[in-house]
Amino acid sequence: MAAAAAAGPRRGRLGREARASLAAFLLGASVAALPVALGSPSALLAAPGLRGRLALALHVAGVNAALLLLYPRPLYKIAVRACFLGFAFGCGLLLSTGRSAWRHFGWYMCSLSLFHYSEYLVTAINNPRSLSLDSFLLNHSFEYNLAALSSWVEFTLEKLLFPELKQITWLSTVGLLMVIFGDCLRKAAMLTAGSNFNHIVQNEKSDTHTLVTSGVYGWFRHPSYVGWFYWSIGTQVLLCNPICMVGYALVSWRFFRERIEEEEITLIHFFGEEYLEYKRKVPSGLPFIRGVRVEL
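In this text the structure is predicted, and so the values were computed from the model without any measurement. (Residues numbered from 1 in each chain as written. Predicted model: local features only at pLDDT ≥ 70, side-chain atom pairs only at ≥ 80, totals over all residues. Heavy atoms only, no water.)

A. Structural view of the packing of aromatic side chains. Across all of its chains, the model carries 17 aromatic pairs by this definition. Residues F25 and F89 carry aromatic rings whose centres are separated by 5.8 Å and whose planes lie at 45 degrees to one another, so their mutual orientation is tilted. Note that F25 is positioned in helix α1 (residues 16–29) and F89 in helix α4 (residues 73–97), a separation of 64 residues in sequence. Judged by its relative accessible area of 6%, F25 falls in the buried class. Both rings, one in F115 and one in W228, keep their centres 5.6 Å apart while their planes meet at 50 degrees; by these two values the pair is tilted. (Phe/Tyr/Trp six-rings, centres within 6.5 Å; stacked < 30°, edge-to-face > 60°. Helix = DSSP H or I, 4+ residues; strand = E, 2+ residues; numbered from the N terminus. Buried < 20%, exposed > 50% of the residue type's maximum accessible area, 1.4 Å probe, protein only.)

B. Summary view of the UniProt feature "transmembrane region" (unreviewed entry) in the protein chain. Those places that UniProt annotates as "transmembrane region" (unreviewed entry) correspond, in this numbering, to residues 20–38, 50–71, 78–99 and 228–251. Helix makes up 91% of residues 78–99 and strand 0%, and the two end C-alpha atoms of the span are 34 Å apart. Split by type, residues 228–251 is 92% helix and 0% strand. Its first and last C-alpha atoms lie 13 Å apart. (UniProt positions renumbered as here; feature names shortened; annotations may be inferred.)

C. Layout of the side chain of S21. Tracing the backbone through its elements, the reader meets S21 in helix α1. Dropping the residues within four chain positions of it, S21 is found in contact with I78, A82, Y117, Y120 and L121. (Contact = heavy atoms within 4.5 Å.)

D. Spotlight on unusual backbone geometry. Its identity is not glycine, yet L137 carries a phi of approximately 60 degrees, on the positive side. Assignment of secondary structure puts L137 in the loop between α5 (103–126) and α6 (142–161). Of note, C240 is a non-glycine position whose phi angle comes to about 55 degrees, a positive value. Tracing the sequence through the fold places C240 in the loop between α8 (223–239) and α9 (242–271).

E. Up close: the packing of α9 against helix α10 (residues 273–281). Relative to each other, α9 and α10 sit at 130 degrees, their axes nearing to 6 Å. Here α9 is positioned oblique relative to α10, judged by the angle of their axes. The segment α9 lies against α10, with E264, L267, I268 and F271 engaging E273, E274, Y275, L276 and K279. By residue class, the composition of the contact of α9 with α10 is five nonpolar, no polar and four charged. (Axes fitted to C-alpha atoms, helices over the stretch in contact; angles between N-to-C directions. Parallel < 35°, antiparallel > 145°, perpendicular 65-115°, else oblique. Nonpolar A, V, L, I, M, F, W, Y, C, P; charged D, E, K, R; others polar.)

F. Structural view of α10. Regarding α10, the residues found buried are Y275, L276, Y278 and K279. Looking straight down α10, one finds its buried side chains confined to an arc of 160 degrees; they lie on one side. Residues R280 and K281 are exposed on α10 and point more than 90 degrees away from its buried face. (Arc of directions from axis to C-beta.)

Spelled out as structure tokens, the structure:
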């Protein structure tokens, strides 16, 4: 559950799934070292040439072969996803550190891949019982994937038609700060909620459930949603995507309004007056969203 409910002891050890994912992520991210190995500039991805393309292809093939040899099929499924995210992160670093016109898109690639990988890693540490391939959130929903694709299309088209729009560094920096703030807040919420943070709203109360009101839950009732909200908008500010910036804000706001109302009905059922008192004292954290209304 992504609201303020937590239960049971927090698990801080890295299990085999977490270790496999971390090793694979780092292995994928090692693509960022290719320019050093080739003696080429870090703009390898912007204008790779035959040598660069061959190096990228060999890196992908070699890493995948290593994963197949190292891990049995259940762990391989985890490792190959983590490796893909690591590869995207490494490619983002290459674009970010070069003088390419795609530098800000490199920031975005790093932000997006790190967000999805850290969702899995924090879940593996915090709540291994709920861990699954879905914890990467790569298949979050059709709407989520469509939104991501739309932002890539907008960035590419506007870069071709209005290239100067994609070079507003101060605006991209604001977006990057929003992304960092949002992701850090979300991960802080996951760690504070402990072993009962779940990507799926829980409808049954465990005997060990307790209401968490400390840490970031003392600031907002739904800090994980607040973090995701500003992270998602920040990605579009970073890309200088005016259309998706507005679209993400409106769609995310509507989604979280409905999600919070649904979740708070469950939380009131779980905790009764204790949650109602908490609700009166602490805001939801999202603009113009008060949560479910309770008739007295």
